[in-house]
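If you want the building blocks of each chain, they are given just below.
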Amino acid sequence: MSRTVFNEKNTGHITKQYPMFLGDSLGLLDTVNIVNKEIEDLKEKQRSFRWYPTEINLSQDKQDMLTAPKEIVDLMNKTISWQHLTDSITGRSIGAMFLSHVTNPQAEVMISEWSNIEFVHGESYIHIVKQTNPDPDKAILDTYANLNILNRSQDLINTFNQLYNMSVDTPLEEKKRILAKVLSVVMTMECVSFMASFAVTFAIGKQGYFQGIVETVSGVARDELLHTRMSYALIKAMKEVDGWQYVFESVKADVQRMIVAIVNKELQWCEYLFSEGRGVLGLSESMLKDTVLFFANTVFTLLELDNPFKVVTENPCKFMEEYIDRSMMQFASQEIQHMSYRQGAVKDDVDEDVDLDFSF
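Residues numbered from 1 in each chain as written. Predicted model: local features only at pLDDT ≥ 70, side-chain atom pairs only at ≥ 80, totals over all residues. Heavy atoms only, no water.

1. Quick look at helix H7 (residues 147-164)
Counting along an α-helix, one turn takes 3.6 residues, and residues three or four places apart therefore face a common direction.
Thinking step 1. Taking the largest bend as the criterion, H7 deviates by roughly 50 degrees, centred on Ser153.
Thinking step 2. Turning to H7, its buried residues number three or more, namely Ile149, Arg152, Ser153, Asp155, Leu156, Thr159, Phe160 and Leu163.
Thinking step 3. Turning to H7, the residues buried within the fold contact helix H4 (70-98), helix H6 (136-145), helix H8 (172-206) and helix H11 (252-273).
Thinking step 4. Capping the start of H7, Asn146 holds a side-chain oxygen 2.9 Å from the backbone nitrogen of Asn148, two or three residues further along. (Bend = angle between axes of the 7 residues up to and from the residue. Helix = DSSP H or I, 4+ residues; strand = E, 2+ residues; numbered from the N terminus. Buried < 20%, exposed > 50% of the residue type's maximum accessible area, 1.4 Å probe, protein only. Contact = heavy atoms within 4.5 Å. Polar contact = N/O pair within 3.5 Å; in protein donor to acceptor, adjacent residues only side chain to side chain.)

2. Things to note about a nonpolar patch on the surface
Thinking step 1. On the surface, Val5, Phe6 and Leu28 cluster together into a nonpolar patch covering about 380 Å² of accessible area.
Thinking step 2. Its place among the elements puts Phe6 in the segment before helix H1 (12-15). (Patch = residues over 30% accessible without salt bridge, like charges linked within 9 Å, V, L, I, M, F, W, Y side chains within 5 Å. Areas by Shrake-Rupley, 256 points an atom, 1.4 Å probe, with all protein chains shown as cover. Salt bridge = Lys/Arg side-chain N within 4 Å of Asp/Glu carboxyl O.)

3. Let's talk about the environment of Val129
Thinking step 1. Along the chain, Val129 falls in helix H5 (residues 105-132).
Thinking step 2. Residue class for Val129 comes out buried when judged on its relative accessible area of 10%.
Thinking step 3. Remark: the alpha-carbon pair of Val129 and Ser93, spanning 36 residues in sequence, is separated by 22 Å.

4. Some remarks on the environment of Asp242
Thinking step 1. Within the secondary structure, Asp242 is located in the loop between helix H9 (211-240) and helix H10 (245-250).
Thinking step 2. Residue classification places Asp242 among the partly exposed residues on the basis of a relative accessible area of 21%.
Thinking step 3. For the pair Asp242 and Glu224, spaced 18 residues apart in sequence, the C-alpha to C-alpha distance is 25 Å.
Thinking step 4. Once residues lying within four places of it in the same chain are set aside, the contact partners of Asp242 are Pro19, Met20 and Ala237.
Thinking step 5. Within the structure, Asp242 has its side chain in polar contact with the backbone nitrogen of Met20 (distance 2.8 Å).

5. What to know about unusual backbone geometry
Thinking step 1. You will see that Lys16, though not glycine, has its phi angle at about 60 degrees, which is positive.
Thinking step 2. In this fold, Lys16 is placed in the loop between H1 and helix H2 (37-48).
Thinking step 3. Residue class for Lys16 comes out partly exposed when judged on its relative accessible area of 45%.
Thinking step 4. The phi dihedral of Glu276 falls on the positive side, at around 55 degrees, and the residue is not glycine.
Thinking step 5. Within the fold, Glu276 resides in the loop between H11 and helix H12 (285-302).

6. Looking at H12
Thinking step 1. Between its terminal C-alpha atoms H12 stretches 26 Å, which fits the 26 Å expected from 18 residues at 1.5 Å a residue.
Thinking step 2. For H12, the buried fraction is high: 13 of the 18 residues fall into the buried class.
Thinking step 3. Following H12 by one or two positions, Glu304 has its phi on the positive side, about 60 degrees. (Expected span 1.5 Å × (residues − 1).)

7. Focus: the packing of H2 against H9
Thinking step 1. Relative to each other, H2 and H9 sit at 160 degrees, their axes nearing to 10 Å. When the axis of H2 is compared with that of H9, the two are roughly antiparallel. Once H2 is placed against H9, the crossing between them reads as left-handed. On H9, the residues that touch Glu38, Ile39, Leu42, Lys45 and Gln46 of H2 are Asp223, Leu226, His227, Arg229, Met230, Ala233, Leu234 and Lys236. (Axes fitted to C-alpha atoms, helices over the stretch in contact; angles between N-to-C directions. Parallel < 35°, antiparallel > 145°, perpendicular 65-115°, else oblique. Left-handed = near helix turned anticlockwise from the far one by under 90°.)

8. Quick word on the side chain of Lys239
Thinking step 1. Mapped onto the elements, Lys239 comes out in helix H9.
Thinking step 2. Owing to a relative accessible area of 13%, Lys239 belongs among the buried residues under this scheme.
Thinking step 3. If we ignore the near neighbours within four places in the chain, the residues touching Lys239 are Trp244, Gln245, Phe248, Leu303 and Glu304.

9. Remarks on the pattern of salt bridges
Thinking step 1. One pass over the full model with this rule turns up 25 salt bridges.
Thinking step 2. One salt bridge in this structure joins Asp74 and Lys78, with 3.0 Å as the shortest N-O distance. Note that Asp74 and Lys78 are positioned in helix H4 at a spacing of four residues, about one turn of the helix. Judged on exposure class, the residue Asp74 and its partner Lys78 are both buried.

10. Comments concerning the packing of aromatic side chains
Thinking step 1. Under the defined criterion, the tally for this structure stands at nine aromatic pairs.
Thinking step 2. Taking 4.9 Å as the distance between ring centres and 10 degrees as the angle between the ring planes, the aromatic pair formed by Phe202 and Tyr323 counts as stacked. Here Phe202, found in helix H8, pairs with Tyr323, found in the loop between H12 and helix H13 (326-346); they are 121 residues apart in sequence, far enough to count as distant.
Thinking step 3. When its relative accessible area of 16% is taken as the criterion, Tyr323 is described as buried.
Thinking step 4. On the basis of an interplanar angle of 50 degrees and a centroid distance of 5.3 Å, the ring pair of Trp269 and Tyr272 is categorised as tilted. Linking Trp269 with Tyr272, this pair stays in helix H11, spanning three residues, or about one helical turn. Each member of the pair Trp269 and Tyr272 is classed as buried.
Thinking step 5. Of the aromatic side chains, those joined through ring pairs into one cluster are Trp82, Phe194, Phe198, Phe202 and Tyr323. (Phe/Tyr/Trp six-rings, centres within 6.5 Å; stacked < 30°, edge-to-face > 60°.)

Below, the structure written as structure tokens:
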């Protein structure tokens, strides 16, 4: 079915129904008939967070690159390299690939805000590279050449490529399955991969190094927590309002495999980070692995999947609380508590000692 940038026959303003994706092409941008208040609120929350990387002074960080212990510098550079690569992907993917399929006005604007801030994140990391690295060109070449960094992001690349290469002639049900899988993977990357990566940055900051980078990444972390909520809000609306529950059920096994693969790659990355003499006081390989599993448990819970890993219900990296907006953590906590209650209304199979609160 062909799409149009303006559909004069759209009747959402009359029916009060605007499916999140793959409905009728949109006509007028409609903020009169808000059919999903949560998505509207998330858009406003993101808009209120607007910030720019050039506002943060990185002069001391440039000195730290030259004088901090080599293992700390190496750890920071590899962490920034991966964050730079992944936000390069999400910046060009979230808007370009989702917006062409969006058929809900609130989702359209929310995703636009989400896409815009991902570009800010990408610019933040290249700004860090330019301002703090003695040879920025070499830093870029090193990122391209590091197979561990590329491998860590390969699942996100492959999943977005499915959406990127989806043709107009792709059957509707296959389009729905692809979108369901992409959103599930995006949510996992935002909630698990990024948060685990931020733990490393904040552990370095806790030791007094790279305070400008840490301040920058604190802003990114606040946004990524919001993006976790955004992706889940879209999934929830697609399931509960648009009738896509059967779609998510049909791809459940695929999503399960994909998320397990992502978590396993994160655990492998932890081992790589702490190899070759790299390390930082206050953070061990086992702590970082448990942080991965803590955030992974959140995703398995919200997506109603089986968690085959050790269930970690408390983040071992409590120092992250100093660098992440607590209100955002509480914001996410409420949704997970709601989810546990909603599941409990159907069946009570959650062990009493499993805490689903998304907090530190």
